[in-house]
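Single-letter residue listing:
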Amino acid sequence: MKRILAIGLMAWMVVGQAKAQNYTNNKAPLQPKTYIELPLGSIKPKGWLHEMLLRQKNGASGQLDKLYPQVMGPRNGWLGGDGDQWERGPYWIDGLLPLAYILDDQELKAKVQPWIEWSINSQREDGYFGPATDYGPEKGLQRNNAQDWWPKMVMLKVLQQYYSATGDQRVIKLMSNYFKYQLKTLPEKPLGNWSFWAEYRSADNLQAVYWLYNITGEKHLLDLANLLHKQGYDYVDMFLNRDDLTRINTIHGVNLAQGIKEPVIYYQQQPEEKYLQAVKKAFADIRQFHGQPQGMYGADEALHGNNPTQGSELCSAVELMFSLEKMMEITGDLQFADHLERVAFNTLPTQVSDDFMVRQYFQQVNQVHVSRHPRNFDINHGETDLVYGLLTGYPCCTSNMHQGWPKFTQNLWYATKDNGLAALVFSPSEVRAKVGDGVKVKMTEETNYPFTEAITFKLAIEGKQKKVAFPFHVRIPSWSKNAKVAINGKPWSGEVKPNSIIVINRTWKSGDVVTLDLPMHIETSTWYENAMAVERGPLVYALKVEETWNKKPITDDPGRFGKEYFEVKPASNWNYGILDFPKEKTQEVFTVIKKETKNAYPWNLAGAPIEIKVKGKQLPFWNLYNEMAGPQPYSRMIYGISAIQEMPEVELTLIPYGCTTLRVTEFPVIKEYK
């Protein structure tokens with residue numbers, strides 16, 4: 001009898017264990033992650049998102065070896081050459097590899113593979129991998145610091161993704177040996193030995209160590225994680241105990257975007273509340289002292305306040321997106337999901353051209369004149385920091401911008417601890433995953449979100465099984481009041497409230513449909529000099545300014561900044577304020593117009609699917625200063641100014657921020673003298 005009971009207990013444990021192992025969560029003693037990343041290639045973009053990835057493939061992402069051959073060509077150190085030895089090559093592949101496998105594109109995979117092969121084959125007996133030889137200076141290349149810890153952190157991210165897509169066991173061997181090398185070498189040559197970048201960006205190394213530990217269970221990896229945390233920059237102290245985030249010029253903007261996740265990454269091993277509190281406080285301080293409506297912050301390059309003409313770097317945007325994705329996965333905190341959508345749907349589309357061939361180094365939220373000109377940025381690269389070009393500003397963004405949309409796609413869906421599926425951020429897509437007792441399903445998300453309010457999820461069970469029981473987790477955004485959920489046309493009986501996860505736990509069959517209605521209402525927020533930003537759902541809206549694009553040659557230093565750039569000048573007035581109104585009349589003051597764009601590319605003036613109309617007046621004294629919008633007029637002061645009183649009321653047209661190039665986003669508010 002005891003033997004029968006033991007066998008039964010073992011069988012129950014095996015079943016329970018199998019159910020828990022659809023996808024690998026954290027191994028003890030690490031805290032379990034709330035959500036679990038799916039294998040690369042499981043999630044496919046649809047609709048406008050698929051179009052974005054195709055434009056990347058046909059644009060600079062798919063052609064950078066030809067467009068930027070001096071760095072991305074065969075001389076690159078990560079291909080065994082004597083050229084660039086540092087971050088730029090790994091940066092490119094960190095975006096190109098997920099793009100290749102998400103699109104299942106053989107041509108792109110072929111571009112990626114030599115970088116993978118050389119990296120794996122470069123490993124020495126002691127575990128070191130990557131370029132190891134420093135070369136003399138050569139213009140346009142980074143040929144020294146070959147042994148720096150930092151570029152290898154980027155390649156570790158690449159190799160993680162490659163293993164996720166292919167299961168190539170050589171990755172496990174390489175990383176296991178490299179981490180042993182790190183554990184042995186870091187006490188003598190710490191993270192800051194070659195450059196400070198590795199100290200500030202240690203979280204990328206740390207997350208890779210935990211990733212490998214969850215596969216191999218090697219205990220020394222936890223010792224390495226503690227060492228990396230100790231040698232890395234102390235963000236907890238910075239966020240909780242110092243005033244660095246209340247001042248300017250205290251930290252590089254990209255370092256902040258990458259480093260802000262470090263306390264949350266380390267929290268998995270050391271689950272003390274201070275690590276989560278530090279990040280919460282950091283985001284609050286950034287919002288107050290440097291924040292911008294599109295989800296970013298003034299940092300051009302160093303942290304530089306919240307004036308709407310301060311720049312925000314493209315590298316900061318894609319790195320902050322990755323940080324938010326990792327923190328969302330670990331904690332399930334919906335603040336990170338809301339913030340991720342804010343950056344993805346506003347910041348990212350406008351900073352890269354429609355054909356994905358040129359980009360801005362910095363963007364401005366009040367951006368009314370894009371030209372080659374020195375501005376009040378923390379740094380100046382030949383006056384090219386605001387213009388659109390392949391190499392203008394600084395080439396790190398040329399190399400690093402490619403990860404934004406592919407990794408966003410990869411993080412639309414997650415597996416859950418209870419063997420279900422989770423839709424945490426929204427875009428047209430489909431996912432194939434195992435649920436329940438390992439049953440394979442496909443879930444299709446049909447939507448034109450973030451422009452529309454309706455999302456439809458359609459389930460198909462793959463294989464012979466007719467039904468499967470699993471929980472479906474769906475985020476209700478913080479901004480969505482009166483959201484509604486229906487299953488097969490019938491209202492769902494559970495509670496649906498803003499800033500929550502609903503869990504639909506039922507037995508499903510092929511053809512089941514979940515509809516999610518997320519009403520979007522006009523909201524306003526207050527920014528620099530009491531200015532107003534206009535929001536609707538996840539989108540920020542900006543003044544529609546007609547654009548004139550001009551291509552200009554670069555003759556003074558084409559090797560550094562490229563052969564050409566684009567300036568963009570306004571073809572309509574921009575210097576408007578919005579008339580003040582009672583807050584309770586917000587929905588009446590703004591008129592939302594939904595346009596029929598016939599599946600046009602949505603992220604430009606012509607394709608913008610939504611317009612918002614509101615009354616305003618031109619401010620004749622608000623003019624260009626230093627080829628920027630002049631000093632921001634203070635809002636809601638009583639203007640006893642005849643120049644304003646004499647100006648006629650006009651109807652302003654606002655469109656999604658991501659559809660603009662020139663724009664006013666933080667509007668002066670006019671409270672007229674009566």
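Residues numbered from 1 in each chain as written. Predicted model: local features only at pLDDT ≥ 70, side-chain atom pairs only at ≥ 80, totals over all residues. Heavy atoms only, no water.

### Topic: the pattern of salt bridges
Right, on to step 1. Tallied over the entire structure, the rule returns 46 salt bridges.
Right, on to step 2. Note that glutamate 87 and arginine 201 form a salt bridge whose closest N and O atoms lie 3.7 Å from each other. Within this pair, whereas glutamate 87 is found in the loop between α4 (69–72) and α5 (88–103), its partner arginine 201 is found in the loop between α9 (197–200) and α10 (202–216), the two being separated by 114 residues in sequence.
Right, on to step 3. Arginine 201 gets classed as buried once you look at its relative accessible area, which sits at 3%.
Right, on to step 4. The salt bridge involving lysine 544 is made with glutamate 611; its shortest N-O contact spans 3.9 Å. You can see lysine 544 sitting in the loop between β19 (539–543) and β20 (547–553) and its partner glutamate 611 sitting in strand β24 (residues 610–618), a full 67 residues away along the chain.
Right, on to step 5. Overall, the relative accessible area of 11% leaves glutamate 611 in the buried class.
Right, on to step 6. Sharing partners across several salt bridges, the network here consists of Asp237, Arg242, Asp243, Asp244 and Arg247. (Salt bridge = Lys/Arg side-chain N within 4 Å of Asp/Glu carboxyl O. Helix = DSSP H or I, 4+ residues; strand = E, 2+ residues; numbered from the N terminus. Buried < 20%, exposed > 50% of the residue type's maximum accessible area, 1.4 Å probe, protein only.)

### Some points on the sheet that holds strand β12 (residues 467–476)
Right, on to step 1. Read across the open sheet, the 5 strands follow the order β1-β7-β8-β12-β15; overall the sheet is mixed. Each of the sheet's edge strands pairs with one partner strand only, and the pair in question is β1 (35–36) and β15 (500–509).
Right, on to step 2. Two elements, β1 and strand β7 (residues 413–416), share 2 bridges in a ladder whose sense is antiparallel. Residue pairing for β7: tyrosine 35 is matched across the bridge by threonine 416.
Right, on to step 3. Along the sheet, helix α17 (residues 334–351) makes contact with β12 and β15, crossing β12 at roughly 70°. (Pairing = 2+ DSSP bridges. Contact = heavy atoms within 4.5 Å. Axes fitted to C-alpha atoms, helices over the stretch in contact; angles between N-to-C directions.)

### Let's talk about the packing of helix α2 (residues 47–58) against helix α3 (residues 60–67)
Right, on to step 1. Where α2 contacts α3, the two axes come as close as 5 Å, and the packing angle between them is 10°. With respect to α3, the element α2 is oriented roughly parallel. Taken together, the residues of α3 that come into contact with α2 (itself represented by Gln56, Lys57 and Asn58) are Ala60, Ser61, Gly62 and Gln63.
Right, on to step 2. Broken down by class, the residue content of the contact of α2 with α3 amounts to 1 nonpolar, 5 polar and 1 charged. (Parallel < 35°, antiparallel > 145°, perpendicular 65-115°, else oblique. Nonpolar A, V, L, I, M, F, W, Y, C, P; charged D, E, K, R; others polar.)

### Comments concerning the packing of aromatic side chains
Right, on to step 1. Following the criterion strictly, the structure yields 39 aromatic pairs and no others.
Right, on to step 2. Ring centres of tryptophan 405 and phenylalanine 408 lie 5.8 Å apart, and the angle between their planes is 85°; on these two criteria the pair is classed as edge-to-face. With tryptophan 405 and phenylalanine 408 both in helix α19 (residues 404–410), this residue pair falls 3 residues apart, about one helical turn. Each member of the pair, tryptophan 405 as well as phenylalanine 408, carries the same accessibility label: buried.
Right, on to step 3. Taken together, the aromatic side chains of Trp78, Trp118, Tyr128, Phe129, Trp149, Tyr178, Phe179, Tyr181 and Trp194 make up a single cluster linked through ring pairs.
Right, on to step 4. The lysine or arginine in question, arginine 88, covers the ring of tyrosine 394, its NZ or CZ lying 5.4 Å from the ring centre.
Right, on to step 5. In this structure, lysine 407 is placed above the aromatic ring of phenylalanine 322, and the distance from its NZ or CZ to the ring centre is 4.4 Å. (Phe/Tyr/Trp six-rings, centres within 6.5 Å; stacked < 30°, edge-to-face > 60°. Lys NZ or Arg CZ within 6 Å of the ring centre and 35° of its normal.)

### Considerations on the sheet that holds strand β14 (residues 490–491)
Right, on to step 1. In space, the 7 strands of this open sheet follow the order β2-β9-β10-β11-β16-β13-β14, with antiparallel pairing throughout. Each end of this open sheet is capped by a strand with a single partner; those strands are β2 (43–45) and β14.
Right, on to step 2. In this sheet, strand β16 (residues 513–517) lies alongside strand β13 (residues 484–487) in antiparallel orientation, the contact comprising 4 bridges. Paired with alanine 486 across the two strands is threonine 515, which belongs to β16.

### Side note on the confidence of the model for the chain
Right, on to step 1. Chain-level statistics for the chain give a pLDDT mean of 95 and a share of 96% at 70 or above.
Right, on to step 2. Residue range residues 1–19 is modelled with pLDDT below 50. Its contacts to residues more than four positions away, or to other chains, number 2 contacts. (pLDDT = per-residue confidence, 0-100.)

### Some remarks on the nonpolar core
Right, on to step 1. Counting 207 residues, the largest nonpolar core has Phe179, Trp405, Phe408, Trp413, Leu421, Phe457 and Phe472 as its most contacted members.
Right, on to step 2. The contacts of phenylalanine 179, once residues within four sequence positions are left out, are Leu156, Asn205, Ala208, Val209, Leu212, Leu221 and Leu224. (Core = buried A, V, L, I, M, F, W, Y, C linked by side-chain atoms within 4.5 Å.)

### Section: the environment of glutamine 363
Right, on to step 1. Turning to its location among the elements, glutamine 363 is positioned in strand β5 (residues 362–363).
Right, on to step 2. Judged by relative accessible area, which is 0%, glutamine 363 ranks as buried.
Right, on to step 3. As for glutamine 363 and threonine 347, which are separated by 16 residues in sequence, their C-alpha atoms are 8.4 Å apart.
Right, on to step 4. Here glutamine 363 is in contact with Gln294, Gln310, Gly311, Ser312, Thr347, Thr350, Gln351, Leu386, Tyr657 and Arg663, once residues within four sequence places are set aside.
Right, on to step 5. A distance of 2.5 Å separates the side chain of glutamine 363 from the side chain of tyrosine 657, its partner in a polar contact. (Polar contact = N/O pair within 3.5 Å; in protein donor to acceptor, adjacent residues only side chain to side chain.)

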